Amino acid sequence: LGQGALAHFIADGHFTSHLRRTRLLYAARQEALLAGLARHLAPWLESKRDPGGMHLIAQPVAAIAPLFDDRTVAAQAGIAVAPLSACYVGRRRRHGLILGYAATPEGEIDSACAALTQVLRLAVPIRRGNA
């Protein structure tokens, strides 16, 4: 029964419309996240635009990279972020945060970035002139 309904959904062009709407929605959320990162988190994290997907990787800026413990930051964040180092096996691990935006309404992304700023201020203090 479900397969037949799905086949009609696709054949009638609804799936293509859904993909188009979803791509626009995620693109707007990614832009909001990049803006929030630039506004609130630039002293600690940097990220790049990604042409696809539902998350961005934010890595520590060079000045704080040796001090950055992504697992501690993720545990204290109070928002859903994941440590990048958990995706690695072995001794050489890149540190950073995996920031998902698919399930976060665009209007909440800036305040989530601001909340993450508070955690980073305590976890990795920035001295004037270092960043």
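In what follows, the structure referred to is the one given above.
Keep in mind the model is a prediction, meaning the values are calculated, not measured. Here the residue index of a chain counts from 1 through its sequence in written order. For this predicted model, a pLDDT threshold of at least 70 governs which residues receive local features, and a threshold of 80 or more governs which side-chain atom pairs are given and counted, while totals over whole chains, interfaces and linings are taken from all residues. Side-chain metrics rest on all non-hydrogen atoms present in the structure, leaving aside hydrogens and water.

A. A look at the sheet that holds strand 1 (residues 45-46). Note on pairing: DSSP must find at least two bridges between two strands before they are called paired. By the criteria applied, helices consist of DSSP H or I runs no shorter than four residues and strands consist of E runs no shorter than two, each listed in order from the N terminus. Pairing is antiparallel across the open sheet formed by four strands, whose spatial order is 1-2-4-3. In this open sheet, the two edge strands, each paired with only one partner strand, are strand 1 and strand 3 (81-83). Here two bridges tie strand 1 to strand 2 (residues 55-60), and the two strands are oriented antiparallel to one another. Considered in strand 2, the bridge of leucine 45 is made with proline 60. Pairs of residues are marked as contacts when any of their non-hydrogen atoms sit within 4.5 Å. As a rule, the C-alpha atoms of each element are fitted with a line to give its axis, helices using only the stretch in contact, and angles between N-to-C directions run from 0 to 180 degrees. Here helix 2 (residues 14-41) sits on the sheet in contact with strand 1, strand 2 and strand 4 (97-100), set at roughly 20 degrees to strand 2.

B. A look at helix 4 (residues 106-123). A helix is expected to reach a length of 1.5 Å times the quantity of its residues less one. If you check helix 4, its first and last C-alpha atoms are 26 Å apart, about what 18 residues at 1.5 Å a residue would give, namely 26 Å. On the buried face of helix 4, the contacting elements are helix 2, strand 1, helix 3 (70-76) and strand 4.

C. Spatial organisation of the pattern of salt bridges. Note on definitions: salt bridges are taken to be side-chain nitrogens of Lys or Arg within 4 Å of carboxyl oxygens of Asp or Glu. Taken as a whole, this structure holds two salt bridges when the rule is applied. The shortest N-O distance in the salt bridge between arginine 49 and glutamate 31 comes to 2.7 Å. Taken as a pair, arginine 49 in the loop between strand 1 and strand 2 and glutamate 31 in helix 2 lie far apart in primary sequence, 18 residues in all. Since its relative accessible area comes to 53%, arginine 49 is described here as exposed. Buried means the residue's accessible area, taken with a 1.4 Å probe over protein chains only, is under 20% of the maximum for its type, while exposed means over 50%, and partly exposed covers the values in between. The class for glutamate 31 is partly exposed, based on a relative accessible area of 37%. Residue arginine 39 pairs with aspartate 110 through a salt bridge whose shortest N-O separation is 2.9 Å. Here the residue arginine 39 occupies a position in helix 2, and aspartate 110 occupies one in helix 4, the gap between them amounting to 71 residues. What makes arginine 39 exposed here is its relative accessible area of 54%. Among the residues examined, aspartate 110 registers a relative accessible area of 29% and is labelled partly exposed.

D. Molecular detail of the side chain of serine 85. Position of serine 85 among the secondary structure elements: in the loop between strand 3 and strand 4. By the criterion applied in these results, polar contacts are pairs of N or O atoms within 3.5 Å in which, for protein atoms, one can donate a hydrogen and the other can accept it, and in which residues neighboring in sequence qualify only through two side-chain atoms. At a separation of 3.3 Å, a polar atom in the side chain of serine 85 contacts the side chain of arginine 71. Leave out the neighbours within four places in its chain, and serine 85 touches Asp70, Arg71, Arg93, Arg94 and His95.

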